[in-house]
Amino acid sequence: MTKHLISTLLAACVVLASCTSEPVSVRQERLLTRWQFTLVDDQGQPAGWQTVTVPHDWAISGPFDRENDLQKVIVVQNGENEATWKTGRSGGLPWMGKGHYHTRIAVDTARWNTLVFDGAMSHADIYINGEEVCYWPYGYNTFDCYILPELINGDSVDIDVYLENKPQQSRWYPGAGIYRNVHLITTDRIHVPTFGTLVRTPEVSAERATVTLAVELQDGTETTSADKAGVEIITDILWQGKTVATIRGEEGQAEVSQPQLWSPETPNLYIARTRVVREGELLDQYNTRFGIRSISYTPEHGFQLNGQTRKFKGVCNHHDLGPLGAAIHKDALRHQIAMLQDMGCDAIRTSHNMPAPELVELCDEMGMMMMIEPFDVWNQGKTENDYNKEFADWWQRDITNMVKNYRNNASVMLWSSGNEVWNQVLDDGIQIVTDLQALFHQLDPTRPVTNGMDQAMHVIHNGFGAAVELPGFNYRTGRYLEAYEHLPQKMILGSETASTVSSRGVYKTPAILRDFANYPDFQSSGYDVEYCPWSGLPEQDFQLQDDYPWTLGQFVWTGFDYLGEPSPYDTDAWPSHSSYFGIIDLASLPKDRYYLYRSQWQTQSPTLHLLPHWNWQEGELVPVFCYTSYPAAELFVNGKSYGKLRHATPEETARLKAGEQIPGVSQMPKVGDFEVPVWGAQPAPELLPRYRLMWFDVPFEAGSIEVVAYDADGKAVAREAIHTAGEPHHLKAIWANRSEQPEELCYITLRVEDKDGNLCPNAANIIRYEGNGFIATANGDAACLDSFVEPQMHAFAGQCTFIVRRGSRGQFAADGLLPAPANIN
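Cut-off values and rules
- Residues numbered from 1 in each chain as written.
- Predicted model: local features only at pLDDT ≥ 70, side-chain atom pairs only at ≥ 80, totals over all residues.
- Heavy atoms only, no water.
- Buried < 20%, exposed > 50% of the residue type's maximum accessible area, 1.4 Å probe, protein only.
- Helix = DSSP H or I, 4+ residues; strand = E, 2+ residues; numbered from the N terminus.
- Pairing = 2+ DSSP bridges.
- Right-handed = clockwise from strand over helix to strand, strands pointing away.
- Axes fitted to C-alpha atoms, helices over the stretch in contact; angles between N-to-C directions.
- Contact = heavy atoms within 4.5 Å.

## Section: the pairing of strand β24 (residues 295-298)
Looking along a regular strand, one sees side chains alternate from face to face of the sheet.
Here is step 1: Only one face of β24 is covered, namely the one carrying Ile-295 and Tyr-297; the face carrying Ser-296 and Thr-298 has none of its residues buried.
Here is step 2: One ladder, built from 4 bridges, connects β24 with strand β25 (residues 302-305); its direction is antiparallel. Opposite Tyr-297, over in β25, you have Phe-303 as the bridge partner.
Here is step 3: Following β24, the chain reverses through 3 residues before pairing antiparallel with β25.

## With respect to the pairing of strand β31 (residues 449-453)
Here is step 1: Of all 5 residues in β31, 5 are buried; the element is thus mostly enclosed.
Here is step 2: Alternating residues of β31 divide into Val-449, Asn-451 and Met-453 and Thr-450 and Gly-452, and every residue in both groups is buried.
Here is step 3: Sheet topology places strand β30 (residues 412-419) next to β31; 3 bridges connect them, and they run parallel. Residue pairing for β31: Trp-415 is matched across the bridge by Val-449.
Here is step 4: Considered for its hand, the β-α-β crossover made up of β30, helix α6 (residues 429-443) and β31 is right-handed.

## Some remarks on the sheet that holds strand β51 (residues 809-813)
Here is step 1: Strands sit in the order β49-β47-β51-β52 across an open sheet of 4 strands; the sheet is antiparallel. Edge positions in the sheet fall to β49 (792-794) and β52 (820-823), since each of these pairs with one other strand and no more. On average, each strand axis in the sheet is tilted by 20 degrees relative to the strand beside it, whichever way the strands run.

## A few points about the sheet that holds strand β33 (residues 492-498)
Here is step 1: Judged by pairing direction, the barrel is parallel, and its 8 strands sit side by side in the order β27-β28-β29-β30-β31-β32-β33-β37 before closing back on the first. The mean angle between the axes of side-by-side strands here comes to 25 degrees, regardless of whether they run parallel or antiparallel.
Here is step 2: Where strand β28 (residues 347-350) lies against strand β29 (residues 369-372), 4 bridges are found, and the strand directions are parallel. Bridge assignment links Ile-348 to a residue of β29, and that residue is Met-370.
Here is step 3: Docked against the sheet, helix α3 (residues 330-343) engages β27 (312-317) and β28, running at close to 145 degrees with respect to β27.

Structure below.
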């Protein structure tokens, strides 16, 4: 059956798609949310139509299956030299295949209509009334197309979107479908096009700032000028609704007095309101939100924002939203940013693809800096059908759309040209990175371009590292000093760091440093002492950032767990199907590592965190760790002191490494079996006492452990206790994102507690939601195959998360436990 015939048959049985819209104005923008969807078989036959709401991820409902995108491959960047079965590599969900979306919308035939797709996964083929109007293969990018007047019959049009996701197209979960928003923009034929303005702030001080503006103008499909179109262009610079400057013409500049500068601490935003006027008639009005700030990167001062040196305290994040899949939702993004900011994080790297516009908008509003990265590969692939198939024909168009989309956003501090591309070590690498950087700077000369390089032993000496404008190293902490000595830039960015692995609430004893440790339960130790052969522990990056002024900061892998890449359980280790790298798990619950980073990054409030739980076998020797911003703390077990410890000084770490035991300082953890590749880092156990307080071999006695923190004067100023939990007694529901005032999605943390309110750390009860408004659920267990879209979930380490709509009513229940009410008002 032809695409045109399928579209025609379907159009007979659908009503006009619902849209969310603003009040009628000279420029109208509506979200197209109601669509018909079907999977399509290899013969082009629909599997069965259903009504869906876009953004929509067709694969997140599952089921999980080992055979979904099962890959037998050599992962060379991990140091492998033979092919093995990679289970769960892309999440174990059915994202492969073909899909078809259809909608019919009303259009104003007297005006110009543009469709903007924020992202469609993938190989999007767009038809209007049966005629192909656009094709865009890369599923992460924003693109637009026109509803040409000659394609309109009557006052409505049929829109068909055909998508295809191929096997081995991704090495993580890509999602599937129209997973980002679709906009219908209605304007005059003379209008400012998509991405049609460029705002810069080349001169910034506390007293004044220069704002420059360039405006593109379009007449239908053709670029035009104000003179040719017979129009005047007037742009007002607005601060809190008040005009503070005006620019006339397609290009110009204005001065703003006493500017309110943008920074993570003060995310002040202005609006450039551009009006296109002909003989007093307003033809178009286009708003560009921007921030006034200056950025610079120099060997003398490092990274400076508004003239102040700072270092990135950043994380890398993939694009999926855990149990919501790839389907974008602003409430979920806001919750992620809020959790990261409480940890002290101030930057996000969009690894390894263009972000959703909503993420960038929220980073502008909430004060989160960004590194935006488009590619995981160039012309050499990491999986058979990844972007290497498209790179030669599409890299220029993809970078152009990405940069023009986000170059006005105040939160964007730098671009990345790619992640761990194989061209680092190939003859064409220097030419490609040079060409990419040239295009970035043609489109945006205000920001530098980095590249996440992992082949340090090569790039330091083969010219590639010297060609990258701002050298970024993924891991390779042992080669930072060598890179600084040999590379001309004299600055190093930790573009991807740590890759420590852990499972929330699961503790493996003894707590020793391990490389790629595997256990029968498919979990990693919550003591934060395990990592992968290519990576390391947080302390190695803390030390580099603290001790060397030429380091620019870091982006930790990762802020949140994500679907796919379940290292160290990535090789024939089903059912593991999501990552262990996250500081926060897939259910948006913090792991202990969250508080380790918070103790170093959060400067607005102190951190005191104690681990592990206190439910063990009598007499068992248990390591007890404390992550704190206070200089010292004392451990008590049932009131008995086990000693007061302080953080080691940098000088003392060298003595620890030499084998010296220093009174009042934690001992080094032991090191287990280790395999260190030539490009990896040696374990550095001597660094842990500098950043952690650790009491090894504490005999378990039922009751409680307590840590008392002391300030620099030796005064007790804070304490935290953990009690031995009894039998599970009841459920407790906590509205985790209530303070964020979500519009729709409410994150509810469910805890299995004993009669005294203590978390039961080993509870695995099935928790049900009995009520309306259910959306999704997760528990953070990378090996759990419970569906995200069924209203029940096993507790993992005593907890799980339910996502419900605001206004939902019902209860959370589990067999044998007292329920928790769910009245989300």
